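In case you want the letters, here they are:
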Amino acid sequence: MINYKDIGLVNTRELFRKAVTGGYAIPAYNFNNLEQLQAILMACVETKSPVILQVSSGARKYANQTLLRYMAEGATKYVKELGYEIPIVLHLDHGDTFELAKSCVETGFSSVMIDGSHHSYEKNVELTAKVVEYCHKYDVTVEGELGVLAGVEDEVKAEAHVYTQPGEVEDFVKKTGVDSLAIAIGTSHGAHKFKPGQKPEIKLDILAEIEKRIPGFPIVLHGSSSVPQELVKIINSNGGKMKDAIGIPEDQLRLAAKSAVCKINIDSDGRLAMTAAIRKVFTEKPDEFDPRKYLGPARDALKELYMHKNINVLGSAGKA
Ligand code: G3H
Ligand code: 13P
Ligand code: ZN
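Calculation notes
Residues numbered from 1 in each chain as written. Chains lettered and ligands numbered in written order. Predicted model: local features only at pLDDT ≥ 70, side-chain atom pairs only at ≥ 80, totals over all residues. Heavy atoms only, no water. Phe/Tyr/Trp six-rings, centres within 6.5 Å; stacked < 30°, edge-to-face > 60°. Helix = DSSP H or I, 4+ residues; strand = E, 2+ residues; numbered from the N terminus. Buried < 20%, exposed > 50% of the residue type's maximum accessible area, 1.4 Å probe, protein only. Donors = N, O, S within 2.8 Å, 3.2 Å for Na, K, Ca; no water. Polar contact = N/O pair within 3.5 Å; in protein donor to acceptor, adjacent residues only side chain to side chain. Near = heavy atom within 4 Å. Areas by Shrake-Rupley, 256 points an atom, 1.4 Å probe, with all protein chains shown as cover. Nonpolar A, V, L, I, M, F, W, Y, C, P; charged D, E, K, R; others polar.

### A look at the packing of aromatic side chains
Reasoning step 1: Following the criterion strictly, the structure yields five aromatic pairs and no others.
Reasoning step 2: Their ring planes at 35 degrees and their centres at 4.2 Å tell us that Y29 and Y306 sit as a pair that is tilted. Of the two residues, Y29 sits in strand 1 (residues 26–30) while Y306 sits in helix 12 (residues 291–314), which places them 277 residues apart along the sequence. Accessibility classification places Y29 together with Y306 in one group, the buried group.
Reasoning step 3: Ring plane angle 55 degrees and centroid distance 6.2 Å describe the contact between Y121 and F172, whose orientation is recorded as tilted. Of this pair, Y121 sits in helix 6 (residues 121–137) while F172 sits in helix 7 (residues 166–176), placing them 51 residues apart in sequence.
Reasoning step 4: Residue classification places F172 among the buried residues on the basis of a relative accessible area of 0%.
Reasoning step 5: Taken together through their ring pairs, the aromatic side chains of F98, Y134 and Y138 make up a single cluster.

Right, dumping it as structure tokens:
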């Protein structure tokens, strides 16, 4: 059993408390590889932002769970070398079983999400409460989810949004004991969040209604990439074929971050930044074959993207 506190990580409790009262959100960035992790840490140290490093079960399969956990341990030492010790959370993204959550706690995660949103309400409550009971023994914080995001989450695909029902949140939080709640208010995973012609907007009215029911309770937004059109343009002008890629407008995320939304999940925008940078190198230097020569620019682009998010969208810069 590895205790996250022994390897320099923190859980989300104190970070969320400050974020809710301070009107900003903590960035939750997914990582699968070295360059993503380096970019996240460099950006968060440079902007003095706390950070949540997110690992999905897909990431664990891709990169190896042991390597990822040592990378996170390395992260706590690396930020010191970078010159500023920011709080780092290691978080399981979209955990779907009790066993997976338990395995993450045992290997040094400081926070887990148990996503029972595809189950019936009763089953979601039962599974989430079981994970909370286990995690709290080790002071690991737990994120639950109510409502269903449209799009694909690992193997689960939902055709349409099922918005979180404000009438359910209080009961869910009370029965499960979760530390934070992910809600569905029109965000979705991936790079195609709206159809062309559709107004890209999230349901801030449902968010306000939820806040009324559980005042000050930490709320999480998944599927919050903004899909910067300049990145889509670079991808498409360098051999890519991304059609109708549309994300959540940044000003709406800024508004949400000022409310009880205290964790904003971003993965797809990082994927776009990396892909754009790599495609550009491949177009401009077709004879290049040293991975550092295309992964390096990808890392630079990622760092710039994350700094922008922390400063201009989430408001987490300077809060570490
Ligand atoms: O919510 C999904 C995250 O973007 C993680 O994606 O399951 O492909 O690693 P993944
Ligand atoms: P995006 O696909 O919008 O980046 O969302 C990521 C996410 O919610 C990870 O859990
Ligand atoms: Zn998600």
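Okay, back to it.
### Here we look at the coordination of the zinc ion (ligand 3)
Tetrahedral coordination by four donors sets the ideal angle at the metal to 109.5 degrees; octahedral coordination by six donors sets it to 90 or 180 degrees.
Reasoning step 1: Binding of the zinc ion (ligand 3) to the protein goes through H94 (NE2), H189 (NE2) and H222 (ND1), at separations of 2.0 to 2.1 Å.
Reasoning step 2: Considered as a linear motif, the donors of the zinc ion (ligand 3) on their single chain read H-x94-H-x32-H. Residue H94 is found in strand 3 (residues 88–95), and its partner H222 is found in the loop between strand 9 (219–221) and helix 9 (229–236); the two are separated by 128 residues along the sequence. Like H94, the residue H222 is buried in the burial classification.

### Comments concerning the environment of S120
Reasoning step 1: Tracing the backbone shows S120 in the loop between strand 4 (111–114) and helix 6.
Reasoning step 2: A relative accessible area of 41% places S120 in the partly exposed class.
Reasoning step 3: Along the sequence, S120 and P166 sit 46 residues apart, while their C-alpha atoms lie 16 Å from each other.
Reasoning step 4: Engagement of the side chain of S120 in a polar contact is seen with the backbone nitrogen of K123, the distance being 3.1 Å.

### Observations concerning the site of ligand 2
Reasoning step 1: In the neighbourhood of ligand 2, 16 residues make up the surrounding shell, with D93, K193, S225, D267 and S268 lying closest.
Reasoning step 2: In this structure, G190 approaches ligand 2 through a main-chain N or O atom, which is 2.8 Å from an oxygen atom.
Reasoning step 3: If ligand 2 stood free it would expose 310 Å²; the protein chains cover 96% of that surface.
Reasoning step 4: Those elements giving two or more residues to the shell around ligand 2 turn out to be strand 3 and strand 10 (261–266).
Reasoning step 5: Across the shell around ligand 2, the residue classes tally to one nonpolar, 12 polar and three charged.

Taken by themselves, the reported measurements are silent on function.
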